[in-house]
2 protein chains.
Amino acid sequence: MLFGKHYLMAPGPTAVPESVLLEAAKPIIHHRTPDFSQILWSVSDDLKKIFKTRNPVYILAASGTGAMEFALVNTCSNGDRVLVVVGGKFGERWLQIAKAYGLDAVVYEVEWGSAPIPEKIGEYLEEHPDIKAVFTTLFETSTGTTYDIERIAKYVRHSGAILVVDAVSGIAACDLQMDSWGVDIVVASSQKAFMLPPGLSFVAFSKKAFGLVEKSNLPSYYFSVSGYKDAYLSNTTPFTPAVSLVVQLKESLSMILEEGIDNVISRHALLASATRAAVKGVGLELFSSNPGNVCTAVKVPEGIDGEKLLSRIKDKYKVTISGGQGKLKGKILRIAHLGYAYAFDVIVAISALEMALKDEGYPVELGSGVRAAELVLREGK
Amino acid sequence: MLFGKHYLMAPGPTAVPESVLLEAAKPIIHHRTPDFSQILWSVSDDLKKIFKTRNPVYILAASGTGAMEFALVNTCSNGDRVLVVVGGKFGERWLQIAKAYGLDAVVYEVEWGSAPIPEKIGEYLEEHPDIKAVFTTLFETSTGTTYDIERIAKYVRHSGAILVVDAVSGIAACDLQMDSWGVDIVVASSQKAFMLPPGLSFVAFSKKAFGLVEKSNLPSYYFSVSGYKDAYLSNTTPFTPAVSLVVQLKESLSMILEEGIDNVISRHALLASATRAAVKGVGLELFSSNPGNVCTAVKVPEGIDGEKLLSRIKDKYKVTISGGQGKLKGKILRIAHLGYAYAFDVIVAISALEMALKDEGYPVELGSGVRAAELVLREGK
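Residues numbered from 1 in each chain as written. Chains lettered and ligands numbered in written order. Predicted model: local features only at pLDDT ≥ 70, side-chain atom pairs only at ≥ 80, totals over all residues.

All names here are of chain A. With antiparallel pairing, the 3 strands of this open sheet are ordered in space as E11-E14-E13. Edge positions in the sheet fall to strand E11 (295-299) and strand E13 (322-323), since each of these pairs with one other strand and no more. Examined bridge by bridge, E11 and strand E14 (residues 332-336) share 5 bridges and lie antiparallel to one another. Note on E14: the bridge partner recorded for Cys 295 is Ala 336. (Pairing = 2+ DSSP bridges. Helix = DSSP H or I, 4+ residues; strand = E, 2+ residues; numbered from the N terminus.)

Next comes the structure, spelled out in structure tokens:
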């Protein structure tokens, strides 16, 4: 068992720090108690610092897709025209939810691995002035691509539409300034940069988004924002919350805020930069033309079986990275540097990649990727 | 700190066994791996034994209300006539969900603290042959009342309607035989007799229920059964599951099945019986005319402030039991004997009740309730 330690380096669920794991081993507390209300108060305040917003951030017992649905059902109505940016699997998910609710979705198709052009979104909004909402993504995890939400927001801000951002994988890894950029709904989830197990999601609504809530006619109950809004004011939740995960959230948020949210983001940027340098050092190519801080998508080189390479990295070297999803299956690898990830995690992932490439017969100089990563990591810039 | 230990004896979330807590402190595993699929396979099989069904049991990252909504949105259509049994807060919840989705709900109003009369449900079905679904509850936690699902099922079984049972608090504490009784949808949740933290829910559909799925026109995405059905067959989940809670579920299910599901139910019945004897021994009255295994609802005696009594039990004696909800606030206490609960838990709860009653000036003979409980517990029958 030479490679006997497991490394979780997929873009979610991500590794959970030991101190956060241990929080889950404490006796469960009742959710209608002053103790739990105090925890809710504290995590709600801390979440605002991560979202960079003064709006309340609601905590749902659901995974990210549930929170995406929450954003949509509370603000849209049957037949509403909306703009959906589709450049990967999570853009597709917005489209599927919009279709499930009978919205009239205008689709901005973006080539997978590219980012949407903010000006284009402005053009869509001019062409279709009846668009009620723009659904997009902070970091399209399936292609390893960052979207420029700050510039997109400039085009949406002065239109009648709200800007809804799936920041599930992106938040706390990439910068996102909900209030100052003018994002109307931000959706996030526990199992990414928050360094928690999956099962919790977070949603914040701007005043403009709340303006649509009264007009919305889509049915919902568990995901109806009105219950969350009322409960928030009394430091509680409308339905039984995922108590143990909320207790863990308190610990992970205090770790993030102790490091400083902007330092956490800079760390992610550096890990990503080192990973990109390493990938090039090994002689491989990046998949995305606008890569970013969550995970790095790498093209599987010609002549190599991507599925076999991935299995070797996972099974022989015990490093769990991800492959491509949907039409990218077998064509890319995705190395996450997300959440509880530091410099040597990049070294481990690149080392496993180098050895597995060699195993698969690819002409790689062992150490070439690690050397390139070290050059970035040692300098720290 | 004479009373320095905390006892969680509310009807959910319930106490989590130490070995189950520790499962959550293990490193997180990725959900798209053979290891996790094997866990899903195992818990899915075990859940069937608890539900007493051969139907698949789906696992949702949501609390019980989300699973109730799942049951309804997948089987009903706009304007459908349905029968809702409302005899407490959780019957009301079915009604609220039905209203949110525009169903035409016929309400069978049951006095709070009483159980519905199965024959009456038969009469409703005869009077309204277009009823598509009957929504009811195994154990109405808000009033401490058991509903006779076996007999109710006899009336629904041969009608065109499906029988949908919220067994969130009841399952594994009260008997429920999904297949042999002919229940069409059973909804359950982690934080009750499953001895887990909140955040997971479970839903099973019969063939008759699946027959309605194709005809249903209510919109849903996160709660759409089709995704769960497909994923189930490949030992996965449609969206990121609450991994750590599922890992904990494996441990709690093996504890339940090692004791034997019917032994677990008998244990609950005995704890409930001892609690009822103790309540009478203290000189108090039961609230429900058909009490049961989940929690025992006790009338706050004349002249005693129910809220003050409850606070004293919780704050001075550190025993977390529950008060009344909605219109029963201040009028009843609810002592749970649910999940990870054994004989001495009843003794502790009754002892706290006796002392708190004395503190509040109620003429109670200290030890009278405990003695009555001991008589039942020592005999074990």
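What follows concerns the pairing of strand E9 (residues 185-189) of chain A. Residue and element names in this part refer to chain A. For E9, the tally of buried residues reaches 5 of 5 residues, placing the bulk of the element in the interior. Side chains of E9 alternate between two faces, with Ile 185, Val 187 and Ser 189 and Val 186 and Ala 188 buried alike. As paired elements, strand E8 (residues 162-166) and E9 share 3 bridges and run parallel to each other. Its bridge partner being in E9, Asp 166 is matched across the sheet by Val 187. (Buried ≥ 20, exposed ≤ 12 C-beta atoms within 10 Å, placed from the backbone.)

Our next topic: the environment of Ala153(A). All names here are of chain A. Relative to the elements of secondary structure, Ala 153 occurs in helix H6 (residues 149-157). A sequence separation of 19 residues divides Ala 153 from Val 134, and the C-alpha atoms of the two residues are 9.7 Å apart. Apart from residues lying up to four places away in sequence, Ala 153 is in contact with Leu 163, Trp 181, Gly 182 and Val 183. (Contact = placed C-beta atoms within 7 Å.)

Let's shift gears to the relation of the copies chain B and chain A. The relation between the two copies of this chain is a rotation about an axis and a shift parallel to it. Rotating chain B by 180 degrees and moving it 0.0 Å along the rotation axis overlays it on chain A with an RMSD of 0.0 Å. Expressed as a symmetry operation, the mapping of one chain copy onto the other fits a two-fold axis. Rotation axis and chain B: the residue whose C-alpha lies nearest the axis is Ala62(B), separated from it by 2.5 Å. A share of 100% of the interface residues of chain B reappears at the interface of chain A, consistent with the copies meeting face to face through the same patch. (Least-squares fit on C-alpha atoms with pLDDT ≥ 70 in both.)

In this section: helix H12 (residues 306-316) of chain B. Residue and element names in this part refer to chain B. Within the span of H12, buried status applies to Gly 306, Leu 309, Leu 310, Ile 313 and Lys 314. The arc that holds every buried residue of H12, seen down its axis, measures 125 degrees, which confines them to one face. With its phi angle positive at about 60 degrees, Lys 318 sits one or two positions after the end of H12. (Arc of directions from axis to C-beta.)

Next up on the list: the sheet that holds strand E14 (residues 332-336) of chain B. Residues and elements named next belong to chain B. Taken in spatial order, the 3 strands of this open sheet run E11-E14-E13, and their pairing is antiparallel. Looking along the sheet, the strands with just one partner apiece sit at the ends: strand E11 (295-299) and strand E13 (322-323). Pairing analysis gives 2 bridges linking E13 to E14, with the strands arranged antiparallel. Considered in E14, the bridge of Ser 322 is made with Arg 334.

Turning our eyes to something else, we now look at the interface of chain B and chain A. Accessible area lost when the parts come together is the quantity often used to give the size of an interface. Chain B puts 43 residues into the contact, and the matching count from chain A is 43 residues. At the level of secondary structure, the elements contributing two or more residues to the side of chain B that touches chain A comprise helix H1 (18-23), helix H3 (64-73), helix H4 (89-100) and helix H10 (243-259) of chain B. Looking at which element gives the most residues to the side of chain B that touches chain A, the answer is H3(B), with 4 residues. Across the side of chain B that touches chain A, the residue classes break down as 27 nonpolar, 15 polar and 1 charged. (Nonpolar A, V, L, I, M, F, W, Y, C, P; charged D, E, K, R; others polar.)

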